[in-house]
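As a plain string of letters, each chain reads:
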2 protein chains.
Amino acid sequence: MDSLNSDNVASHTSSSNISPLDPEEFRRQGHMIIDFLADYYRDVEKYPVLSQVEPGYLQKRLPKSTPHNPEPIETILQDVQEHIVPGLTHWQSPNFFAYFPNTSSIAGFLGEMLGTGFNVVGFNWIASPAATELETIVMDWLGEMLELPKSFLFSGNGGGVLQGTTCEAVLCTIVSARDQMLSQIGKENLIKLVVYASDQTHSAIQKAAQIAGIHPMNFRAIKTSKSTSYALSPDSLRAQICEDVEAGLVPLFLCATVGTTSTAAIDPLESLCAVAKDYGMWVHVDAAYAGSACICPEFRHFIDGVEGANSFSLNAHKWFLTSLDCCCLWVKDPSALIKSLSTNPEFLRNKASDSKQVVDYKDWQITLSRRFRSLKLWFVLRSYGVANLRSFMRNHVKMANLFEGLVAMDKRFEIVVPTNFAMVCFRILPSALSETEYKNRKLDIVSEELANEANRKLLESINMSGCVFMTHAVVEGVYVIRFAVGATLVEERHVITAWKVVQDHANVILST
Amino acid sequence: MDSLNSDNVASHTSSSNISPLDPEEFRRQGHMIIDFLADYYRDVEKYPVLSQVEPGYLQKRLPKSTPHNPEPIETILQDVQEHIVPGLTHWQSPNFFAYFPNTSSIAGFLGEMLGTGFNVVGFNWIASPAATELETIVMDWLGEMLELPKSFLFSGNGGGVLQGTTCEAVLCTIVSARDQMLSQIGKENLIKLVVYASDQTHSAIQKAAQIAGIHPMNFRAIKTSKSTSYALSPDSLRAQICEDVEAGLVPLFLCATVGTTSTAAIDPLESLCAVAKDYGMWVHVDAAYAGSACICPEFRHFIDGVEGANSFSLNAHKWFLTSLDCCCLWVKDPSALIKSLSTNPEFLRNKASDSKQVVDYKDWQITLSRRFRSLKLWFVLRSYGVANLRSFMRNHVKMANLFEGLVAMDKRFEIVVPTNFAMVCFRILPSALSETEYKNRKLDIVSEELANEANRKLLESINMSGCVFMTHAVVEGVYVIRFAVGATLVEERHVITAWKVVQDHANVILST
């Protein structure tokens, strides 16, 4: 370890001369980063979308420890280009069709920069009134764009809050529901509480339940099937609840999803909420991906019935241009959150909070400290406006439909489930395999398993090419390739090329 | 609500013409924001530190809903200056001495910008290998700077992870400890688990325990006193544990703090860990504020004994220049986190993860999605280097000592607890009041309560002036003013002026 003496090397920049926030140096270096990123966006299409490095690549390229003396920004940026960029999977590439999109935009970026620059900690109102008040305002703006029931808005005695991710939002609501229920039936009954979702629901929900102390055996992933396009059936939900109630358990929480991860399936909110109501359950609607699209009147019906739910969330970082992280959560009853999540340490006491005239967002979330996330949402809303935001998403839906049409014209492929929003699920058909190597194996029937193997091989081959990146899902044992349109820079030509890439790789796989 | 037709107004920017990430427009607007922020830092000293707006101010100034059409960045930035800046409490002002610092720096800002710009979602290795690998590398770098035991580093089979805040870090460790214990004693015993801390421990710990389903009656905030400078006494801890064990409860978790929020008190790690070891408890060390200073050899001894703990965290956004949010958590046994927090949904399966050759950080935290936070830590470490980072913190400690000296020279005041790190706790002495208005009340003894009232008035008067911002704490019923030096831009002259402001306001209060 360094001895105290070794600090002498820094004596030429004596302690009083360190200026890590010198305005003119900030200006100089800040402009460099902007140019670096502008060039990155200009060139991003050229990089292999999926990083092609091997595990452990970076350790070999970086020094073993922190430098003792400062290094210039020029050197650091050069290292970013040489050593970091090759290790990125380029989520902002127009050839990125994997997972769900995680959209950047100029407005979202500027808002994030401004928030980072001000670097206020908006745990309560007084710690930066603008941070709290802007958040309440934009959450009402966005809630109105979604035609959320008034009861979810501040103007209707509900309210919205920006969290990092859906996991946090759901954890907050589960904990609130849990404590509300336990206050009626006694804390010792925690072990009896049951959380419901479908087998298509995002793993974050089960994880949130587990963190909240719900017994792992009391998480119900109710089976869905192709017959309902993988939507949760209200009848199945009711049957499961009845069984649990008979067993002496207590139904607590239902997570319904609009736009599931595997196939963008849509749970029927109205009928599910009706079932939940019969048992006094909390209903959360997770519209992480698809919620954004519901600002378009033609998609709004997918969240019909949300008025029966207790909470609703969407990830603005997914398809709403804010960049990670920005999960919008609305609740009908903020006091339920506050009862579970508030703390009132003396060091945070202040007149404004004591007056109860203000929102203290620390009591609406897990963490105390919070970033000024509302700036980026505000910038996105104002920079693009309602009309262009709708066009942005419609354009992606149109491109997904184009891709779907291309797949449908190739008889070797099938569209596995009807396309919702901008995500296409497709695969090579088992029947296409019977003409190929699989025939050589002299199998009479090409099983679904062989089709799965072929599709897995196809996806791997596509992704290894670096030309495009897609990911997969497995539904009822069927391996499907997901093609999620949504990168900010994507244009029709990328979608057309992507399909050509799929066909080229399929040709190889199906001909060998 | 807007009809579909109203979208026609945007027809001149038809769907294919929307370019929210156009590189040249990004460059133009990006440079504008950099200049805006450079000017902000240049001028920040002039603004009232504590915002002087009234609750609801912003609602009156902003439109009622999202604009239908785009607005230019120039208009938005003008609104930021006119409507947002007055509503900020300026955490980056050199006159900000409240709470704990939340430090910005050029390097931290650049790293955050680059991470936001790349906007990758590093939930697992494959989703961006560089994001994961850089994090493992810088966590080892920083761990070595702190002389953490090898067992906390990847190079010693432990490892570090970047979380948002201490609340998240502690929640992860409590959940891991909980599940480890319940796997031995049975899930039905959740209700018996007890979490220990001192009455000085941050409220985040109690909140984390509550979220994790620990029975609220089973959180022990063990009393501390001035005799130990508000450090947790190992004897008190053992006595409480014995009592709980006798009552059939199960000791689970101890949070020890190095640098408490109220007075920067330091819990004695070595002896506390020894007690915890006797009962097989998980020990977490929360060094959110003071941990950063332990990179200086002369402060390192404050975390002596950390080798007996299971986990250790500090907030690099507090005093380590990264800007919010950046909580560094190290654990000895990553598998404990992974057992509690891992999910393996099919859509995330990939060869690298299946090979177990890589770290998938989604299993080390609450959320699935995660930002590329390691860039900003890497930028800070390289841009300043070990020597300057030490100087930066030493300089603040020196300024705190200067302030302490000034207070000590004024007989009306006292230093309430010995100053640790860069935080001074002081107050007007009860004896100073006997000469003033309080005398007029014809009280023979000026009680502590009247002193509290005077100090409360003094702090309010100081903060309302806008010249400086400090906050308070109450320890054993005594109201103290906290003066935390640490803003990146602070210089000796600000500290001297701050003391002058305190004296001026005290003069008024003590003479009326």
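Our subject is the structure that appears above.
This text gives an overview of the structure that appears in the document. Everything numeric here is computed off the predicted structure, so don't read it as measured data.

## Some details on the sheet that holds strand E2 (residues 193–198) of chain A
Residues and elements named next belong to chain A.
Line of reasoning, step 1. Taking strand neighbours across the sheet as the criterion, the seven strands line up as E1-E7-E6-E5-E4-E2-E3 in an open arrangement whose pairing is mixed. Edge positions in the sheet fall to strand E1 (159–163) and strand E3 (219–222), since each of these pairs with one other strand and no more. Strand-to-strand twist of the sheet, defined as the mean angle between neighbouring strand axes without regard to direction, takes the value 20 degrees.
Line of reasoning, step 2. Packed on one face of the sheet, helix H4 (residues 129–145) meets E1 and strand E7 (327–331) and runs near 85 degrees to E7.

## Concerning the packing of aromatic side chains
Line of reasoning, step 1. Applying the stated criterion across every chain yields a total of 58 aromatic pairs over all chains.
Line of reasoning, step 2. Ring geometry for Phe403 of chain B and Phe483 of chain B: centres 3.6 Å apart, planes at 10 degrees, overall stacked. Of the two residues, Phe403 of chain B is situated in helix H12 (residues 374–409) and Phe483 of chain B in strand E11 (residues 478–484); the sequence distance between them amounts to 80 residues.
Line of reasoning, step 3. Here the aromatic residues Phe26 and Phe118 of chain A together with Tyr40, Tyr41, Tyr47 and Phe109 of chain B are joined through ring pairs into a cluster of three or more.
Line of reasoning, step 4. Above the ring of Phe100 of chain A, the side-chain terminus of Arg482 of chain A is found at 5.0 Å from the ring centroid.

## Details of the relation of the copies chain B and chain A
Line of reasoning, step 1. Rotating chain B by 180 degrees and translating it 0.0 Å along the rotation axis places it on chain A, where the RMSD comes to 0.0 Å. Overall, the copies show the geometry of a two-fold rotation axis.
Line of reasoning, step 2. With an isologous cut-off of 70% or more, the 100% of interface residues of chain B that recur at the interface of chain A puts this contact in the isologous class.

## A short note on the nonpolar core
Line of reasoning, step 1. Membership of the largest hydrophobic core comes to 331 residues, with the highest contact counts inside it found for Phe118 and Phe379 of chain A together with Phe118 and Phe379 of chain B.
Line of reasoning, step 2. What Phe118 of chain B contacts, discounting residues up to four positions off in sequence, is Phe36, Leu37, Tyr40, Val80, Ile84, Val85, Leu88 and Gln92 of chain A together with Phe372 and Leu375 of chain B.
Line of reasoning, step 3. Formed by 71 residues, the second largest nonpolar core is a distinct cluster that contains Ala197 of chain A together with Ile211, Cys255 and Ala336 of chain B.

## Quick word on the pairing of strand E3 (residues 219–222) of chain B
Residues and elements named next belong to chain B.
Line of reasoning, step 1. Here four bridges tie strand E2 (residues 193–198) to E3, and the two strands are oriented parallel to one another. Each bridged residue has a counterpart across the sheet, and for Val195 the counterpart in E3 is Phe219.
Line of reasoning, step 2. Handedness of the E2-helix H6 (residues 203–211)-E3 crossover: right-handed.

## Points about the interface of chain B and chain A
Line of reasoning, step 1. The partner chain A presents 165 residues to the 165 residues of chain B that form the contact.
Line of reasoning, step 2. Of the roughly 14,900 Å² buried where chain B meets chain A, counting both sides, 67% is carbon and sulfur surface.
Line of reasoning, step 3. The three residues of chain B that bury the most area against chain A are Leu21, Phe26 and Arg382 of chain B, which together make up 6% of that side's buried surface.
Line of reasoning, step 4. For the interface between chain B and chain A, the tally reads 10 salt bridges.
Line of reasoning, step 5. Residue contributions to the side of chain B that touches chain A peak at 17 residues, all from helix H1 (residues 23–43) of chain B.
Line of reasoning, step 6. Class assignment of the residues belonging to the side of chain B that touches chain A gives a composition of 80 nonpolar, 50 polar and 35 charged.

## What to know about unusual backbone geometry
Line of reasoning, step 1. Cis peptide bonds are those with omega within 30 degrees of zero, and the linkage from Leu324 of chain A to Asp325 of chain A qualifies with 0 degrees.
Line of reasoning, step 2. Structurally, Asp325 of chain A can be placed in the loop between helix H9 (316–319) and E7.
Line of reasoning, step 3. Although it is not a glycine, Glu476 of chain A sits at a positive phi angle of roughly 45 degrees.
Line of reasoning, step 4. Considering the arrangement of structural elements, one finds Glu476 of chain A in the loop between strand E10 (471–475) and strand E11 (478–484).
Line of reasoning, step 5. Among the residues examined, Glu476 of chain A registers a relative accessible area of 45% and is labelled partly exposed.
Line of reasoning, step 6. Unusually for a residue other than glycine, Ser229 of chain B sits at a positive phi of about 50 degrees.

Cut-offs used in this document
- Residues numbered from 1 in each chain as written.
- Chains lettered and ligands numbered in written order.
- Predicted model: local features only at pLDDT ≥ 70, side-chain atom pairs only at ≥ 80, totals over all residues.
- Heavy atoms only, no water.
- Pairing = 2+ DSSP bridges.
- Helix = DSSP H or I, 4+ residues; strand = E, 2+ residues; numbered from the N terminus.
- Axes fitted to C-alpha atoms, helices over the stretch in contact; angles between N-to-C directions.
- Contact = heavy atoms within 4.5 Å.
- Phe/Tyr/Trp six-rings, centres within 6.5 Å; stacked < 30°, edge-to-face > 60°.
- Lys NZ or Arg CZ within 6 Å of the ring centre and 35° of its normal.
- Least-squares fit on C-alpha atoms with pLDDT ≥ 70 in both.
- Core = buried A, V, L, I, M, F, W, Y, C linked by side-chain atoms within 4.5 Å.
- Buried < 20%, exposed > 50% of the residue type's maximum accessible area, 1.4 Å probe, protein only.
- Right-handed = clockwise from strand over helix to strand, strands pointing away.
- Buried area = accessible area lost by both parts, 1.4 Å probe.
- Salt bridge = Lys/Arg side-chain N within 4 Å of Asp/Glu carboxyl O.
- Nonpolar A, V, L, I, M, F, W, Y, C, P; charged D, E, K, R; others polar.

Shape is all these values report; function is a separate question.
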